[in-house]
Amino acid sequence: MFRVHAVVISVLQNAVLRMVPCVRISKNLACCRRAVGGVRWKSSHGLAPLLTASPVRALIDEKISIKGSFLPPHCAVTLCARMHSEDGDLWESFAHFNTKADGTFHLTRDDSVGGSYLGCDPMGLFWGLQPAPGEREGLRLRKKSVETPYVVRISLMEGHVSPREDQSTELAALTTERWYMAPGVRRIEIRQNGLVGTLFLPPGRGPFPAMLDLWGIGGGLVEYRSALFASRGYASLSLAYFGHKDLPGPQNQMNVGDSYFKTAFQLLQDHHQVCANRIGIIGTSFGVYLTLQLATQTGVKPSCLICINGPVGNGFRHQEADSDGMDGRVLSSVKYWTCDDQGNVSFKIFSSPENMIPESKVKVEDVACPLMYIEGMDDLSFSSKENVDLIKETLDTVGKSHLFTHLSYPGAGHLIEPPYAPNTRMSLWRVKPNKLFVQWGGHHAQHAAAQADSWKKILDFMEKHLR
Amino acid sequence: MIISGVHSIRMQKNPCCVKLSVQPSRGLVDEKFSILVQNTPPGFQVTVHALHHSEDGHDWEAFAHYTANNTGTVNVSEDPSLGGTYSGVEQMGLLWSLRPVPGNKPWLRMRKMNVQTPMEVTISVYQGHQTEGFTDQAPLAGVVVERWYMAPGVRRVPITEEGLTATLFLPSGPGPFPALIDLWGGGGQLVESRASLLASHGIAALALDYLTPKITVETGKMVENEYFEKAYKVLEQHPQVLGSRIAMLGISFGAVMTFKFAVYSEVIKLSCAVSVSGSHVQPIDGSVKQIFDYLIKNAGNTRINEENQTIWRDLLLPIPTDPAFKVDVGRLKCPLMLVVGEDDQNFPAPESAKDIKEMMERAGNSHLLTVLSYPNAGHLIEPPYTPHVRATNFVTVGSRQKVVALWGGEMVAHSRAQEDAWRKLLVFLRENLYGTNLGATSLSHLQRKGISWDPMPNGLVRDGLHLFYRTEVNS
């Protein structure tokens, strides 16, 4: 299992340190010392090591099993994963293994003894990916185009080395594809009824249970979770509500109100391939507030709600009711974030229940369907704990605690997303007029475990309440 | 009756409850998948259905009847099919029991000529135990599954130098890689389906068209044996190939050629050789044309059965005693694997295997020989999980005659043979191309090393020819 001091990065700056792991294991490892001039391992020993993986094309939330064979016994090797993000940044990870007596290593069976993760974790190379040294700061890995896969190259290198080592020690390599969309899933752009979103439909005629997918204050249109839901048999609508060019009004404020979200829910209900009485809502971050608001204030009847690290209200002004009688909510030029001397942005104050305008707080007591709240206990950006405590307390008070499921993960940060993708502990918030960063929190190994566990529980929760 | 009625009412009220998942959704052609149906009422009857629209435009389907357990689940890997195109517990039955949808022309064969795109199969679940009319009704659930011949990162390189018509598939990675020449049979064309899969498993593979290459099409002349030697040299000299680790794999007529080069060629030096459904019977000095002439000379031995299907196995029988007409396998210096379908109606592969074994025992090199012999398997032993066809339309290069060739094999036994033979073939190739020793490698030696492969299930195992009986040579 994971150790708390999870990330042990072998510092291999000089030859002496590089030799140490080999010598410790066995004195008889002449084969493992790099020959002068980087003579290829294969030609000097007549060996061609083999690296295999299955499946080589997988969905993001599927495990991949990687094995090496035809290696010398009890030998130090390094597996290194590399990929380029859509923006062209290089992300990499690595893990150190020692082959068994039969000259093999299996990631499903063997421990990593150093690198981006420790211990036995077949997906550690994927969630352990980090921007390579020299890449821009504050990067976050998010797939924009879900119709193409991430292509991750896995290399096998001799010895316990870091990815910065000379490429010529690469013994074998393979390429894996990681997909957000299963074959047959259909991606449909939605620009109707004033909505800006993308609908993902599973293959087949349906009808399908559905999800409305709401993200946070970063804005834009985030598709990857919906694509995965559709790959698991749910119609899913990713909805943009802020910071998107196709939305009305200035992009630095939220110009849509309750009626917008109600329309989105109704689009799903009215869709001929959706089971109208089996629609859930999932919200992340500020999307939690929108989820709860939609479920309690607009008359729609979702079958279940999933909330991840978000608030029950907001701490800024709202305008008067809009023309259809529903309250509008505007993210005005009033700042909804605070910033410290080091340029770190936080939403803790804005998301803390004690700072919320009372009228803005959702009437949690009116929640009428099962609700799951997922909390990262190392969330450094939102006051998730205070919010989940408030929800629990409110539901208890009105005798609705049977509807409530609370998952809390020690060491997990704010960005609890689909599994086997890297956590971003800190990312760039804005560049001008000055560079600001958000501290999202989350210790890598614990956050990875939280993502894997919560995703499974999310899917089980959806199974239970939407099928 | 009443129970199923109640269930069907329940399904109508809640049409979206049934869940179907297939994992992996994108697999290699030789990779297993798991199919799970969930959330049905307990004891619910379903039909799991597979539909594939082939490259040449025909629809193929397979289906199986299951009854959900008391948790409302059907697990195709563990539960028995109660009927359909296969029965019993068959994890991959929906693929290997695919057959042309009624209404299609008869005697079709499914072949993927473009290996750069996947085979797409739609897997669906229908209510009840159905046998027809699938396209007219709405399934309870459906998914699309992709089956790939090429793993990501595998490179496809057309080879046209030296007058060759070939395609080289290079595995992912820095190389250099051990390699193999892949030879298909008497139908000709450049068949890439096996070479692309082998490259996906780490072996650089050269699919070589030797019956209908550009040079034959243009000149009308069949290639000489130098053509194969050029192919070997091109491979040997390729910067991404380990020149000292090259194998040859042939099926049918391709296996006939493999025997010749494995024993007699001064140029081609093989680390190991594999013959699938082949024979060592041929004029030993003969070129491709001369071997065809030899077959044509014996054409009188062709038999036509009651269904008007052509049986060609007797063209090479009886196994000659004249050494000029069978490759002297006693001189073989590299490991040899024979894959034999005992119901092969196209080649006398079982008889040839028996003769080869005897020749090698007499010569003292039988420790090099591994024979995989499968009762009720036919001639076309190909990579697994593609449909078995007992007889198909066939045009031989040379005669240009259109016949329905009988290949043989009973579907279940043949499909199991394909799966078992492919797994063992990969182990054999890997041990001889990747392994440390440069001599023979016994597969019993592999078992002791803990490299797993499953022996044939009971009932399909026979002593003697079926088992690996070589003893370990090098320690």
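Every value quoted in this text rests on a predicted model; they were computed, and no experiment measured them.

Peer 1: I tried to follow the overall build of chain A on my own but got confused; where do I start?
Peer 2: Check the secondary structure of chain A and you find nine helices and 21 strands. For chain A, with 467 residues in total, the buried portion stands at 60%. Summarising the internal contacts of chain A: among those between residues at least 6 apart in sequence, 70% fall at separations of at least 24. Carbon and sulfur atoms form 52% of the exposed surface of chain A, whose accessible area is close to 18,100 Å².

Peer 1: Is there a simple way to explain empty space enclosed by the protein in this structure?
Peer 2: Picture a little ball the size of a water molecule; that probe, rolled over the atoms, points out where space is still empty. Enumeration according to the criterion identifies eleven cavities of 30 Å³ or more in this entry. Within this model, the largest cavity holds a volume of roughly 280 Å³. If you trace the largest cavity, you find 22 residues lining it, with B:Met110, B:Arg111, B:Tyr149, B:Glu382 and B:Thr386 closest to the centre. Residue classes in the lining of the largest cavity are distributed as ten nonpolar, seven polar and five charged. Taken domain by domain, the lining of the largest cavity gets at least three of its residues from each of domain 1 (19–148) and domain 2 (155–433) of chain B. Roughly 120 Å³ of volume is contained in the second largest cavity. If you go around the second largest cavity, you meet 14 residues; those closest to its centre are A:Leu141, A:Tyr224, A:Glu417, A:Ala421 and A:Pro422. Class assignment of the residues belonging to the lining of the second largest cavity gives a composition of seven nonpolar, three polar and four charged.

Peer 1: What exactly am I supposed to notice about the sheet that holds strand E3 (residues 65–69) of chain A here?
Peer 2: The strands making up a sheet are joined through hydrogen bonds of the backbone, oriented either antiparallel or parallel. All names here are of chain A. On the basis of which strands lie adjacent, the open sheet formed by three strands has the order E1-E3-E6 and antiparallel pairing. Among the strands making up the open sheet, the edge pair consists of strand E1 (50–54) and strand E6 (105–106). When E1 meets E3, the two strands line up antiparallel, connected through five bridges. Within E3, the position partnered with Leu 50 by the bridge is Ser 69.

Peer 1: How should the domain arrangement of chain B be read in this particular structure?
Peer 2: One widely used convention gives an interface's size as the accessible area the parts lose upon coming together. Residue and element names in this part refer to chain B. Taken domain by domain, chain B consists of domain 1 (19–148) and domain 2 (155–433). Relative placement of domain 1 and domain 2: their C-alpha centres are 32 Å apart. If you look at the interface, domain 1 gives 25 residues, while domain 2 gives 33 residues. Contact between domain 1 and domain 2 buries roughly 2,300 Å² in total, counting both sides, with carbon and sulfur atoms accounting for 62%.

Peer 1: For this particular structure, what's the right way to read the sheet that holds strand E3 (residues 34–38) of chain B?
Peer 2: Residue and element names in this part refer to chain B. Reading across the sheet, the three strands line up as E1-E3-E6 and stay open at both edges, with antiparallel pairing between neighbours. A strand with exactly one partner marks an edge of an open sheet, and here the two such strands are strand E1 (19–23) and strand E6 (74–75). Across two bridges, the pairing between E3 and E6 is antiparallel. Bridge pairing in E6 links Val 37 to Val 74.

Peer 1: Can you walk me through the interface of chain B and chain A in this structure?
Peer 2: On the side of chain A, 41 residues touch chain B, which itself brings 42 residues to the contact. For the pairing of chain B and chain A, the buried interface totals around 3,200 Å² over both sides, and the portion due to carbon and sulfur atoms is 57%. Counting across the interface, chain B meets chain A through one salt bridge. Put simply, A:Glu463 and B:Lys19 hold a salt bridge, and the shortest N to O gap is 3.4 Å. Applying the counting criterion to the chain B and chain A interface returns eight residue pairs in polar contact (both at pLDDT 80 or more). For the side of chain B that touches chain A, the secondary structure elements donating two or more residues are E1, strand E2 (26–28), strand E9 (141–148), strand E14 (241–251) and helix H9 (411–434) of chain B. Looking at which element gives the most residues to the side of chain B that touches chain A, the answer is E9(B), with five residues.

Peer 1: Quick question: what am I supposed to make of the pattern of salt bridges here?
Peer 2: Following the criterion strictly, the structure yields 43 salt bridges over all chains and no others. Its salt-bridge partner being A:Glu177, residue A:Arg57 comes within 3.1 Å of it at the nearest N-O pair. Taken together, the residues A:Arg57 in strand E2 (residues 57–59) and A:Glu177 in strand E9 (residues 170–179) connect sequence positions 120 residues apart. For the pair A:Arg57 and A:Glu177, a shared accessibility class is recorded, and that class is buried. A single network of salt bridges, built from pairs that share partners, joins B:Lys32, B:Glu419, B:Asp420, B:Arg423 and B:Lys424.

Peer 1: Is there a simple way to think about the packing of aromatic side chains in this case?
Peer 2: Given two aromatic rings, their pairing is described by the distance between the two centres and the angle made by the two planes. Per the stated rule, a full pass over the model turns up 27 aromatic pairs over all chains. An aromatic cluster is built from A:Tyr241, A:Tyr260, A:Phe261, A:Phe286, A:Tyr289, A:Phe347, A:Phe350, A:Phe382, A:Trp429 and A:Trp440, whose rings are joined through pairwise contacts. The ring of B:Trp148 carries the charged tip of A:Arg57 above its face, separated from the ring centre by 3.7 Å. Across from the ring centre of A:Trp179, 3.6 Å away, lies the NZ or CZ of B:Arg26, which sits over that ring.

Peer 1: What is the right way to look at the packing of helix H5 (residues 258–270) of chain A against helix H6 (residues 286–297) of chain A in this model?
Peer 2: Relative placement of two packed helices is described by the angle separating their axes and the distance separating the axes. Residues and elements named next belong to chain A. It is the contact of H5 with H6, at a shortest axis distance of 10 Å, that shows an interaxial angle of 80°. With respect to their mutual orientation, H5 and H6 come out roughly perpendicular. Across from Asp 258, Phe 261, Lys 262 and Phe 265 in H5, the residues of H6 making contact are Leu 290, Gln 293, Leu 294 and Gln 297. Taken together, the residues of the contact of H5 with H6 sort by class into four nonpolar, two polar and two charged.

Peer 1: What is the right way to look at the side chain of B:Ser279 in this model?
Peer 2: Residues and elements named next belong to chain B. Turning to its location among the elements, Ser 279 is positioned in the loop between strand E15 (272–276) and helix H7 (288–297). Look at Ser 279 and you get buried, because its relative accessible area is 0%. Discounting residues that sit within four places of it in the chain, Ser 279 has contacts with Val 256, Phe 259, Leu 316, Phe 347 and Ser 352.

Peer 1: Explain the UniProt feature "active site" (unreviewed entry) in chain B here, please?
Peer 2: All names here are of chain B. Residues given the UniProt feature "active site" (unreviewed entry) here are Ser 252, Asp 344 and His 379. Across 128 residues in sequence, these annotated residues keep their C-alpha atoms within 10.4 Å of one another, forming a single compact spot. Tracing the sequence through the fold places Ser 252 in the loop between E14 and helix H6 (253–264). If sequence neighbours within four positions are ignored, Ser 252 has contacts with Gly 185, Val 276, Ser 277, Gly 278, Asn 346, Phe 347 and His 379. Topologically, Asp 344 is positioned in the loop between strand E18 (336–341) and helix H8 (349–363). Discounting residues that sit within four places of it in the chain, Asp 344 has contacts with Ser 277, Arg 313, Ala 349, Pro 350, Ala 377, Gly 378, His 379 and Trp 407.

Peer 1: Honestly, unusual backbone geometry in this entry has me stumped. Any pointers?
Peer 2: Most peptide bonds take the trans configuration, and most residues that are not glycine carry a negative phi. Look at the link from A:Gly206 to A:Pro207: it is a cis peptide, with omega at 5°. Summarising the element assignment, A:Pro207 is placed in the loop between strand E11 (197–201) and strand E12 (208–214). Following B:Gly175, the chain continues to B:Pro176 via a peptide bond in cis, the omega torsion being -5°. Its identity as a non-glycine residue notwithstanding, A:Ser285 has a phi of 60°, on the positive side. In this fold, A:Ser285 is placed in the loop between strand E14 (274–284) and H6. A positive phi is found at B:Ser252, a non-glycine position, where the angle reads about 60°. Judged by relative accessible area, which is 8%, B:Ser252 ranks as buried.

Peer 1: Would you explain H6(A) in this entry?
Peer 2: Each α-helix turn comprises 3.6 residues. Residues three or four places apart therefore point the same way. Residue and element names in this part refer to chain A. The end-to-end C-alpha distance of H6, which contains twelve residues, comes to 17 Å, matching closely the 16 Å that a straight helix rising 1.5 Å per residue would cover. Burial within H6 is extensive, with eleven of its twelve residues counted as buried. Among all positions of H6, only Phe 286, Gly 287, Val 288, Tyr 289, Leu 290, Thr 291, Leu 292, Gln 293, Leu 294, Ala 295 and Thr 296 are buried. Gly 299 occupies a position one or two residues after H6 and carries a positive phi of about 90°.

Each value, and the rule that gives it
Residues numbered from 1 in each chain as written. Chains lettered and ligands numbered in written order. Predicted model: local features only at pLDDT ≥ 70, side-chain atom pairs only at ≥ 80, totals over all residues. Heavy atoms only, no water. Helix = DSSP H or I, 4+ residues; strand = E, 2+ residues; numbered from the N terminus. Buried < 20%, exposed > 50% of the residue type's maximum accessible area, 1.4 Å probe, protein only. Contact = heavy atoms within 4.5 Å. Areas by Shrake-Rupley, 256 points an atom, 1.4 Å probe, with all protein chains shown as cover. 1 Å grid on protein atoms, 1.4 Å probe; cavity = no way out; pocket = protein on both sides within 12 Å on 5 of 7 lines; lining within 4 Å. Points joined across faces, edges and corners; volume = space filled by probe spheres on them. Nonpolar A, V, L, I, M, F, W, Y, C, P; charged D, E, K, R; others polar. Domains from an automatic or database assignment. Pairing = 2+ DSSP bridges. Buried area = accessible area lost by both parts, 1.4 Å probe. Salt bridge = Lys/Arg side-chain N within 4 Å of Asp/Glu carboxyl O. Polar contact = N/O pair within 3.5 Å; in protein donor to acceptor, adjacent residues only side chain to side chain. Phe/Tyr/Trp six-rings, centres within 6.5 Å; stacked < 30°, edge-to-face > 60°. Lys NZ or Arg CZ within 6 Å of the ring centre and 35° of its normal. Axes fitted to C-alpha atoms, helices over the stretch in contact; angles between N-to-C directions. Parallel < 35°, antiparallel > 145°, perpendicular 65-115°, else oblique. UniProt positions renumbered as here; feature names shortened; annotations may be inferred. Expected span 1.5 Å × (residues − 1).

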